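# Observations on the model geometry
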Amino acid sequence: MEKFIELHSRAVPLPIEDVDTDQIIPARFLKATTRAGFGENLFRDWRYKKDGSIEDQFVLNNPIYKGEILIAGHNFGCGSSREHATWAIADYGFKVVVSSFFADIFKANALNVGLLPVQISSDQLAIVFEKVSENEETTFIVDLKNQTLHIEGTSHTFPFEISKYKKECLLKGHDDIDYLMSIKEDIKNYEQKIPAFL
């Protein structure tokens, strides 16, 4: 995985609550087993009309909004546990999703693919949406080392939580296997101290 240390980016606002994984990536697109290509169908039924034409009113089709940060409403990623939802978000080009609440399985799946879920309070999320609404060029700084989301040009800095293990993995660009390989000597040394079970 790519290392994640600090991200400076504009954001794409999606002020919709209870967005479930079927809305993120519809079930009919879950035929592939690799992560590549899912971004093409991210929010497919919202981005396109039934006749296949582009839905101009949907935010991802609005050229004024750009960036690697998706600002989402409360309870993002609910519904089924499909990891393809996080694959689609990451493949589209987002590196961070900000919300006031994430479904637990979605959050775990996101961290497993290097997509950082930043959970802040409802009041803080309202401020974030307000700043993007006032100026679509608003830049955010996501600082993983210090676990903060800062709105550039303002005094607003919001802390967020992340497990110590997943934080270390993201900072080093490790998935779970990479992490285990990085400590294989420690594992060998530990095993040598334990009597073998016969």
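These notes cover the structure that comes with them. Here the residue numbers are simple positions, counted from 1 along each chain's written sequence. Given that this is a predicted model, residues contribute local features only at a pLDDT of at least 70 and side-chain atom pairs are listed and counted only at 80 or more, while totals for whole chains, interfaces and linings are drawn from all residues. Here the side-chain values reflect all heavy atoms present in the structure, with hydrogen atoms and water set aside.

Another point: the packing of aromatic side chains. Only Phe, Tyr and Trp rings take part, Trp by its six-membered ring, and two of them pair if their centres are within 6.5 Å. Stacked means planes under 30 degrees apart, edge-to-face means over 60, and tilted covers everything else. With the rule as written, the count across this model stands at 8 aromatic pairs. When the ring of Tyr92 is compared with that of Phe94, the centres are 5.4 Å apart and the planes differ by 25°; the resulting orientation is stacked. Phe94 sits in the buried class, given a relative accessible area of 3%. Aromatic pair Phe102 and Phe106: ring centres 6.0 Å apart, planes at 10°, arrangement stacked. Accessible area is worked out with a 1.4 Å probe on protein chains only. A residue is then buried under 20% of its type maximum, exposed over 50%, and partly exposed in between. Judged by its relative accessible area of 3%, Phe106 is buried. Taken together, the aromatic side chains of Phe43, Trp46 and Phe58 make up a single cluster linked through ring pairs. A cation over a ring is seen here: Arg44 above Tyr48, with NZ or CZ 4.3 Å from the ring centre. Two limits define a charge over a ring: the Lys NZ or Arg CZ must be within 6 Å of the ring centre, and within 35 degrees of the ring normal.

Here we take up the environment of Leu125. When you line up the elements, Leu125 lands in helix H5 (residues 122-134). Under the relative-accessibility criterion, Leu125 is labelled buried at 5%. Separated by 104 residues in the primary sequence, Leu125 and Thr21 have C-alpha atoms spaced 21 Å apart. Not counting chain neighbours up to four residues away, the residues in contact with Leu125 comprise Ile71, Ala72, Gly73, His74, Val98, Ser99, Ser100 and Ile120. Under the scheme used here, helices are H or I runs from DSSP no shorter than 4 residues and strands are E runs no shorter than 2 residues, and both carry numbers assigned from the N terminus. Any two residues whose heavy atoms approach within 4.5 Å at even a single point are treated as in contact.

So, about the pattern of salt bridges. Think of a salt bridge as a Lys or Arg side-chain nitrogen and an Asp or Glu carboxyl oxygen that are within 4 Å of each other. Using the criterion set out here, one finds 6 salt bridges in the structure. With a closest N to O distance of 3.0 Å, Arg82 and Asp22 form a salt bridge. Placement of Arg82 in the loop between strand E3 (69-72) and helix H3 (84-92) and of Asp22 in helix H1 (residues 21-24) is noted, with a sequence separation of 60 residues between them. Given a relative accessible area of 17%, Arg82 falls into the buried group. The closest approach of N and O atoms between Glu68 and Lys95, which form a salt bridge, is 3.4 Å. Of the two residues, Glu68 sits in the loop between helix H2 (44-47) and E3 while Lys95 sits in the loop between H3 and strand E4 (96-99), which places them 27 residues apart along the sequence. Taking the relative accessible area as the measure of exposure, Glu68 reaches 26% and is therefore partly exposed. Its relative accessible area of 26% is what places Lys95 among the partly exposed residues. Connected through salt bridges with shared partners, the residues Glu2, Glu68 and Lys95 form a single ionic network.

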